[in-house]
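# Survey of secondary and tertiary structure
Below, each chain spelled out in residue letters.
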Amino acid sequence: MRIYPCLFFMLQGLVPSSITVIVCWGFLLIEALLLVEINVGLRRKKGKIEEENELDIISIRTMAQETLGEWGGILATATYVFLGYTSMVAYSSKSGEILFHLINFPASISGFFFTALFTILISIGGTRGTDQVNQWLTASMLCLLLAIEVLGVVLGGWSGLEGSGDWGKVPATIPVIIFSLVYHDLAPVICAYLGSDLTRIRASVLLGSLVPLVALLLWDAIALGLSSQADQAVDPVELLMSVNWSGVSFMVDAFSLLAIGTSLIGTLLSFSQFFKEQLDNLSWNSPSTQILPKPGELFGLRKWWGRNKNSFTAMAMVVAPTLLVSTTIPDAFSAATDIAGGYCMTMLYGVLPPAMAWAMHNRECEDTNQKALSRARPALLGLGLFACGIVMEQIYQDLSLLHP
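All figures in this text were calculated on a predicted structure; none of them were measured in a lab.

Our next topic: the side chain of serine 270. Relative to the helices and strands, serine 270 resides in helix 10 (residues 246-281). Take serine 270: its relative accessible area is 4%, and that puts it in the buried class.

With that settled, consider helix 6 (residues 170-181). Over its 12 residues, helix 6 extends 16 Å from the first C-alpha to the last, a length consistent with the 16 Å expected when each residue adds 1.5 Å. Where burial is concerned, most of helix 6 is hidden: 10 out of the 12 residues are buried. Considered for burial, the residues of helix 6 that qualify are Val170, Thr173, Ile174, Pro175, Val176, Ile177, Ile178, Phe179, Ser180 and Leu181.

In this structure, asparagine 104 takes a positive phi of about 55° despite not being glycine. With respect to the helices and strands, the residue asparagine 104 is situated in the loop between helix 4 (70-103) and helix 5 (107-156). Residue classification places asparagine 104 among the exposed residues on the basis of a relative accessible area of 59%. Of note in the backbone geometry, serine 196 takes a positive phi value of approximately 60° without being a glycine.

Membership of the largest hydrophobic core comes to 90 residues, with the highest contact counts inside it found for Leu268 and Tyr349. Top element by residues in this core is helix 10. It accounts for 16 residues. Setting aside residues no more than four positions away along its own chain, leucine 268 makes contact with Met88, Phe118, Thr119, Ile122, Met315, Val318 and Val319.

Remark: the empty space left among the atoms is shown by a probe the size of a water molecule rolled over them. The calculated volume of the second largest pocket comes to roughly 1100 Å³. The wall of the second largest pocket is formed by 43 residues, among which Asn134, Tyr183, Leu186, Gly208 and Thr262 lie closest to the centre. Where the lining of the second largest pocket is concerned, the elements lending two or more residues are helix 4, helix 5, helix 6, helix 7 (187-193), helix 8 (198-227), helix 10 and helix 12 (334-362).

About the thresholds
- Residues numbered from 1 in each chain as written.
- Predicted model: local features only at pLDDT ≥ 70, side-chain atom pairs only at ≥ 80, totals over all residues.
- Heavy atoms only, no water.
- Helix = DSSP H or I, 4+ residues; strand = E, 2+ residues; numbered from the N terminus.
- Buried < 20%, exposed > 50% of the residue type's maximum accessible area, 1.4 Å probe, protein only.
- Expected span 1.5 Å × (residues − 1).
- Core = buried A, V, L, I, M, F, W, Y, C linked by side-chain atoms within 4.5 Å.
- Contact = heavy atoms within 4.5 Å.
- 1 Å grid on protein atoms, 1.4 Å probe; cavity = no way out; pocket = protein on both sides within 12 Å on 5 of 7 lines; lining within 4 Å.
- Points joined across faces, edges and corners; volume = space filled by probe spheres on them.

Spelled out as structure tokens, the structure:
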């Protein structure tokens, strides 16, 4: 969840913004359920067997390639890689800014160490250890958000929540809301992590999606409550920071840092697993090329490296370019991130899933009873048209900015 959509909510009003958020959440939830059904179907078709300490991921590239053909895989790969790097750079840069405000340490160095910390966590702790840490971070983030909500009510009351709002502002906010609610990059990881158990996966997706929904609705209420205290539309974060008590500033910065950290964990984990799948497909660890450890070699270091080198290489492929860009030109990808929210996420997690499910249905994959949602043709058509409408609206909005 990100904080910057607040200004849109302040312009819209509580009713339009809340309804828009809930509609987008429902749309993304259905898309996520489609993704996991497709992923599990392919996993069962390929006979994927889970290992205790290593996940065998089927990425969105493989999903698109298996269902839509080679060009579908190329489109998914290009879109996903662009989206992954822009998101990682945004997280690293923003974390540096927040840490600079908290501890007065250079933003580029702070962002570097913040990203490196979570890189080490995922590399050493693995998926299960990272999941446990992420649960604690998410719980702490929600507790801070509730505390900030209480402060917002005390400072602004509910006077800013009256009125019906401006429904005309809704279309421009949809890409931003989607960017705030998307979690679909974790779908392949969840499917592998939960052993292709569709019941558990669906429950996990539903419950997990409620966290950003509740957080965004609460933040919406905070923004509207505080907006009543200002003569003009300003960032509610600035209004909170203007309170004399220094604890408010710390709470807002801590909440922002936790929100970025939990988002970074998901993106870093899924993005590195994406690259690992591609490296595994190159058969770098085929039996003919494995290096057997010498007798008595200390702790079997060479064997350990042969088993884990793809994981570390994939992590380096994600982190190295991210840190290079975020530490040298931290603001370079701000515009690209806006484009990613309006186009890349909508293409990847809005247009592609219904198209993949449609193609998968045509091929009559196994276990048809398990994929009731992905076999509902009218629903697939409606989802695809809705996603295409979002893309077209974003194009219109961008062209309007060029020709006011």
